[in-house]
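Chain residues, written in single-letter form:
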Amino acid sequence: MSALLEAFLARLYADEHALSMFLRDPEAAMDGAGLVEADRAAMRAADLVGLRMAAKSYANKRAGRGKPAKASGH
Amino acid sequence: MEAAVDDPLGAFVRDRVAGGEPDRVAGGEPDRVAGGEPDRVGLGWRGDLAAGIFAHLDRIDLVELIADDYFKADAKTLRPLQLLSSQVPLTLHGVAMGLAGSEPVDDARLLAMGRLIDALKPESWSEHLAFVRSGGFEIGHLAAPPRRESNVAAAIANIERATRVIAAAPRLENIATLVEPPGSPLSEPAWTGTILDGAGAPMLLDLHNLYANARNTGQSPEALLAAMPLARVQGVHLSGGHWIDEPAMSGRTAGQRLLDDHVHDVPEDVFGLLAVLAARVPQPLEVIIERDGAYPDFDVLLGQVDAARAALARGRAHRHPATLKAAA
Amino acid sequence: MNPFALHGFSFLFFYIGLGVVTLVALRYWFRISEPAPSDMPRFNDPYLIAYLRGGEEEAIRVTTISLADRGLLVFEGDQLKRASNDRDLAQRDIERAVLQAFAKPASGSAALTDKGARRACEAYKKALIKTGLMAGPAVYSKRLVSVGVAAVILMGTAGYKVQLALSQGRHNVGFLIMLALLFAAILIGVWRMRRTGAGDAAVADMKQLFKRLKDRAKTLKSGGQTNELAMLLGVFGLTALSASAFPMIDRIYPTPRADSGSSCSSSSSCSSSCGGGCGGGGCGG
């Protein structure tokens, strides 16, 4: 349960397009992630401003280090 | 030898255990009794600060190295760091294991940390209570996972695994987050305390991270500090940050949030939290000031080292009665 | 194949190869046989580092520049003299000795031979010998055996070949004798090397640790960041600083210097010694 939500969050933090899709249509984005209802409810109640700010911060970090968003060996 | 090739982590652990390898670092249970050991204050090692650190070894008690920078270093590259360790006590700090993630910690990182510890013989090592990757996506930095029971169990399993491999428990650091992780029925202090108790691990308390999280969530920093598992704190991080604007989103007024960035001076409030911490705990504390860029004159950093010492002294002078009793 | 059957340049090439291999083996033997330092000295003194790297004159040079940068030595014409408020601010014996050397106006090079300044370096010498970073009497004695073996190999080979050549009526042995004398001189130099293998490693390691500071040496300003300046000079020498930012160095010690940073020492890897840390974009760690 936690792992799926974590993976969903990781995708939002690592992939700007995924975050945009989630902000535009949360339900559709969550449909594809296989989240259970409790996790879907958590994401509906999430601090969207904070999510955007966190994602931007991580993007800056990756840009500073030149790391790809997609993990190579995981 | 074949086993070593097939299972390098297993071979690494077996070598250390079979060889009667003593603990390379002073981890494990926090020292709950102040045995007269002094508090210590130091700086994060950065190449730009090398001259200042070397020239003021009499005022810097210890130095913290970012371990991940040297995971791929060969013996020749590590030799200068061994010279550094002959000059000042070292502590190693990992930034990308993701010990608080639901995914098992990467064997290669554990092996690399173990080898680095063997080479440099630091006094302690630390990592973050964070996840940095999941489901094939690399976040690129420390993120707060959902604070819930299922995640606690995974984090404890990761920490116990790391402790077995390294032969010493890591000090675990609270992270700063711009967003309260969705799906978090547990508060940050409760989640942190449950993991540390379950893993029997000490804590590295980053007071600026705590301060930023408190300010960003409308809590009192002092109250958040008091709720943390303070008896487990062995190390402390101090750093600075700056306020950033929230993005405009429909239906709400844009405010600001405090970003922990390590490129600003430690705020006075954070030194105040250090004094409060020193008043509340009996065990000696190791304080590291982190600075990652926009380096001021070294005198400014030394001034912050002195300010940390002064805060510790202030706190120790006003030690909480319960703390004095515990120390006795 | 019998090398002594070789003639002319063929034998000379063989002999040069033998000499190079012998010298390399000798250096390697020094490095593995000379004891590892029991207890490293504290490298918080830039003059100690300068002494280890370059000897007495280098330590005095770095001290003089540091004092001039701090305003404790001032120019009088092209000469230096002690400023009036000097004694209290001098922190180390060598600084006091160098200030004393400039009690009367003198050229920068005058301090290099000043007895008081050189005496102040004795403490560094003793500390570095004691910790095994510099060669002392015991190390020199021990080296003598291996240098002797190398000398027997090189001189013996040359001597036997000369004798053989002369007995066969060939007299073209001049180059061989010159080469033998050259190798003898090099052997003496190797025997007399100031630093031990551990001392060489310590200097290389300090250069690696300070590489980031050297890379931004151009940003250092005269009259400020004094500790950084002295440490930089201690580790890398006067060549590390830009002549345009520090014109006083050329006034005191006129030497040809490159403005840009020189390369790393041959024994250092020059790879990143950075602390990655956090950087922009927020840290949270």
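Residues numbered from 1 in each chain as written. Chains lettered and ligands numbered in written order. Predicted model: local features only at pLDDT ≥ 70, side-chain atom pairs only at ≥ 80, totals over all residues.

A. The overall build of chain C, seen in detail. In terms of regular secondary structure, chain C is built from 12 helices and two strands. Put simply, chain C runs from its N terminus to its C terminus through helices and strands in the order α-α-α-β-β-α-α-α-α-α-α-α-α-α. Every one of the 285 residues in chain C was classed for burial, and the buried ones make up 38%. Considering only contacts within chain C whose residues lie at least 6 apart along the sequence, 69% involve residues at least 24 apart. (Helix = DSSP H or I, 4+ residues; strand = E, 2+ residues; numbered from the N terminus. Buried ≥ 20, exposed ≤ 12 C-beta atoms within 10 Å, placed from the backbone. Contact = placed C-beta atoms within 7 Å.)

B. Local environment of the overall build of chain B. For chain B, the helix and strand inventory stands at 12 helices and 12 strands. For chain B, the proportion of its 328 residues judged to be buried stands at 52%. Considering only contacts in chain B between residues 6 or more positions apart, those separated by 24 or more positions represent 80%.

C. Examining the interface of chain B and chain C more closely. The interface is formed by 42 residues belonging to chain B together with 32 residues belonging to chain C. Listing elements by their share of the side of chain B that touches chain C, those giving two or more residues are helix H3 (50-55), strand S2 (63-66), helix H4 (75-87), strand S6 (137-143) and strand S11 (256-260) of chain B. Here the side of chain B that touches chain C is composed, by residue class, of 17 nonpolar, 12 polar and 13 charged. (Nonpolar A, V, L, I, M, F, W, Y, C, P; charged D, E, K, R; others polar.)

D. Spatial organisation of the nonpolar core. Judged by nonpolar contacts, the single largest core of 170 residues is most densely connected at A:Tyr13, B:Leu274, C:Val98, C:Leu232 and C:Leu233. Residues lining this core come from more than one domain, with at least three contributed by each of domain 2 (46-130) and domain 3 (199-252) of chain C. Beyond its immediate sequence surroundings of up to four residues, C:Val98 is in contact with C:Ile60, C:Thr63, C:Thr64, C:Leu67, C:Ala111 and C:Ala117. (Core = buried A, V, L, I, M, F, W, Y, C linked by C-beta atoms within 7 Å. Domains from an automatic or database assignment.)

E. Inspection of the sheet that holds strand S8 (residues 203-206) of chain B at higher detail. Residues and elements named next belong to chain B. Strand order in this closed barrel of eight strands is S1-S2-S3-S4-S7-S8-S9-S12, and the pairing throughout is parallel. Neighbour to neighbour, the strand axes of the sheet diverge by 30° on average, direction disregarded. Bridge count between strand S7 (residues 171-173) and S8: two bridges; the pairing is parallel. By the bridge assignment for S8, Glu173 is matched with Leu204. Across the sheet, helix H11 (residues 298-317) lies against strand S1 (40-44), strand S9 (233-238) and strand S12 (286-289), angled at about 150° from S12, the strand it touches most. (Pairing = 2+ DSSP bridges. Axes fitted to C-alpha atoms, helices over the stretch in contact; angles between N-to-C directions.)

F. Up close: the domain arrangement of chain C. By the assigned domains, chain C splits into domain 1 (3-33 + 137-191), domain 2 (46-130) and domain 3 (199-252). A C-alpha centroid distance of 40 Å is found between domain 1 of chain C and domain 3 of chain C.

G. Expanded view of the pairing of S6(B). Residue and element names in this part refer to chain B. Among the seven residues of S6, seven are classified as buried, and the element is accordingly described as predominantly covered. Two elements, strand S5 (residues 131-134) and S6, share three bridges in a ladder whose sense is antiparallel. Each bridged residue has a counterpart across the sheet, and for Phe131 the counterpart in S6 is Ala143. Between S5 and S6, which pair antiparallel one after the other, the connecting turn spans two residues, and Gly135 there sits at a positive phi close to 60°.

H. Inspection of the environment of C:Val98 at higher detail. Residue and element names in this part refer to chain C. Tracing the backbone shows Val98 in helix H4 (residues 93-101). Residue classification places Val98 among the buried positions, given that 31 C-beta atoms sit within 10 Å. Between the alpha carbons of Val98 and Thr63 there is a distance of 7.3 Å; along the sequence they are 35 residues apart.

I. Layout of the confidence of the model for chain B. All names here are of chain B. The predicted model of chain B averages 89 in pLDDT, with 85% of residues at 70 or higher. Low confidence marks residues 1-5, where pLDDT is under 50. Its contacts with residues over four positions away, or in another chain, come to three contacts. This model gives residues 26-35 a pLDDT under 50, and the stretch forms 27 contacts once residues within four places in sequence are excluded. (pLDDT = per-residue confidence, 0-100.)

J. Structural context of the packing of H4(B) against helix H9 (residues 197-209) of chain C. Viewed as axis vectors pointing N to C, H4(B) and H9(C) meet at an angle of 95°, and their least axial separation amounts to 9 Å. Comparing the axis directions of H4(B) and H9(C) gives the class roughly perpendicular. In contact with B:Arg79, B:Pro80, B:Leu83 and B:Leu84 of H4(B), H9(C) contributes C:Ala201, C:Ala202, C:Asp205, C:Gln208 and C:Leu209. Looking at the contact of H4(B) with H9(C), its residues break down into six nonpolar, one polar and two charged. (Parallel < 35°, antiparallel > 145°, perpendicular 65-115°, else oblique.)

K. Broad picture of helix H3 (residues 56-69) of chain C. Residue and element names in this part refer to chain C. The first and last C-alpha atoms of H3 sit 20 Å apart over 14 residues, in line with the 20 Å expected at 1.5 Å per residue. Summarising burial for H3: 13 of the 14 residues are buried, a large majority. Immediately beyond the C-terminal end of H3, within one or two residues, lies Gly71, with a positive phi of roughly 80°. (Expected span 1.5 Å × (residues − 1).)

L. Focus on the environment of B:Asp261. On the secondary structure map, B:Asp261 appears in the loop between S11 and helix H10 (268-280). Sequence separation between B:Asp261 and B:Gly272 is 11 residues; the distance between their C-alpha atoms is 19 Å.

M. View of the pairing of S12(B). All names here are of chain B. In S12, alternate side chains face the same way, and those of Glu286 and Ile288 on one face and Val287 and Ile289 on the other are all buried. As defined by bridge partners, S9 adjoins S12 across four bridges and the pair is classed as parallel. When the sheet's bridge partners are listed, Leu238 is paired in S12 with Ile289.

N. How the structure looks around the environment of C:Ala150. Residue and element names in this part refer to chain C. One can find Ala150 in helix H7 (residues 137-167). By C-beta crowding, Ala150 is classed as buried, having 22 other C-beta atoms within 10 Å. Setting aside residues no more than four positions away along its own chain, Ala150 makes contact with Thr22, Leu26 and Leu187.

O. Fine view of the packing of H3(C) against H4(C). Residues and elements named next belong to chain C. Here H3 crosses H4 at 80°, and the two axes come no closer than 10 Å. Comparing their axes, H4 and H3 come out roughly perpendicular. Of H4, the residues touching H3 (which contributes Ala59, Ile60, Thr63, Thr64 and Leu67) are Ile94, Glu95, Val98 and Leu99. A breakdown of the residues in the contact of H3 with H4 according to their chemical character gives six nonpolar, two polar and one charged.

P. Fine view of unusual backbone geometry. All names here are of chain B. In this structure, Ala167 takes a positive phi of about 70° despite not being glycine. Position of Ala167 among the secondary structure elements: in the loop between helix H6 (149-166) and S7. The partly exposed category is assigned to Ala167, around which 18 C-beta atoms lie within 10 Å. The backbone of His262 shows a phi angle near 65°, a positive value even though the residue is not glycine. Structurally, the position occupied by His262 is in the loop between S11 and H10. Its 25 C-beta neighbours within 10 Å are what place His262 among the buried residues.

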